[in-house]
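Structure assessment
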Amino acid sequence: MAVTWRNMSPGDIQSLMRVADEVHPGLPESERVFAERVQLFPEGCLVLVDGDNNVRGYAISHPIRRRNPPALDSMLGDIAPDADQYYIHDLAILPGFRALGLAAECMATLLALGERYPTTCLVSVYGTTPFWGRFGFASEPVDATLQEKLRAYGDDAVYLVRQSGPAVDP
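Remember, it's a predicted structure, so these values are computed and weren't measured experimentally.

1. Let's talk about the sheet that holds strand β6 (residues 138–139)
Across a sheet, paired strands are connected by hydrogen bonds in the backbone, their directions being either parallel or antiparallel. The strand order β1-β2-β3-β4-β5-β7-β6 describes an open sheet built from 7 strands, whose pairing is mixed. The open sheet terminates on both sides in strands that have one partner only, identified here as β1 (3–7) and β6. Strand direction decides the pairing type here: strand β2 (residues 45–50) and strand β3 (residues 55–64), joined by 5 bridges, are antiparallel. Paired with Leu 46 across the strands is Ala 59, a residue of β3. Contacting β3 and β4 (85–93), helix α1 (residues 13–23) runs over the sheet at an angle of about 90° to β3.

Here it is in structure tokens:
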């Protein structure tokens, strides 16, 4: 069955929650968090859908102030007018749809959005740092405030940063 990435709409949130619950059972976030991200920065919110329009994955991303990613399950309120870094909040794909090049396809879109900023960042969980490294992300030292935020993402959470520029071939 063919699957494609498309822009997320508010009507996708309930289906997205089923994917989030399966992929991130230990990192729950509320529907309102996802709904707010779609409202605030729709171009950075994508869903992976099959031919029947069933959500099989999603991506959430938006601008932030440098080194200030939002805490898990928190509302932004707005996108800071002085945002100077792009943040990939999540890229989640159901297990049956992995290893098909779909993450790389999505990342091309997200990294193109991130080119508007000097860097793109994310919080790597579940030991996925090598996966993100294929796209040019590397760990960066964090201060105590950011380290405290990372704890909510689990003991293995790592803050990663990518300098803007030519995309790395995954």
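Resuming the write-up.
2. Side note on the nonpolar core
In this structure, Met 8, Tyr 58, Leu 91, Met 107 and Phe 137 are the most contacted members of the largest nonpolar core, which totals 37 residues. Of all the secondary structure elements, the ones that give two or more residues to this core are β1, α1, α2 (31–40), β2, β3, β4 and α3 (102–114). Formed by 13 residues, the second largest nonpolar core is a distinct cluster that contains Val 123, Leu 150, Ala 157 and Tyr 159.

3. Considerations on the side chain of Thr 119
Position of Thr 119 among the secondary structure elements: in strand β5 (residues 119–124). Dropping the residues within four chain positions of it, Thr 119 is found in contact with Gln 85, Tyr 86, Val 161, Arg 162, Gln 163 and Ser 164.

4. Some points on the UniProt feature "domain: N-acetyltransferase" (unreviewed entry) in the chain
With numbering matched to this structure, UniProt assigns "domain: N-acetyltransferase" (unreviewed entry) to residues 3–165. Secondary structure within residues 3–165 divides into 29% helix and 27% strand; the distance between the first and last C-alpha atoms comes to 28 Å.

What counts as what
Residues numbered from 1 in each chain as written. Predicted model: local features only at pLDDT ≥ 70, side-chain atom pairs only at ≥ 80, totals over all residues. Heavy atoms only, no water. Pairing = 2+ DSSP bridges. Helix = DSSP H or I, 4+ residues; strand = E, 2+ residues; numbered from the N terminus. Contact = heavy atoms within 4.5 Å. Axes fitted to C-alpha atoms, helices over the stretch in contact; angles between N-to-C directions. Core = buried A, V, L, I, M, F, W, Y, C linked by side-chain atoms within 4.5 Å. Buried < 20%, exposed > 50% of the residue type's maximum accessible area, 1.4 Å probe, protein only. UniProt positions renumbered as here; feature names shortened; annotations may be inferred.

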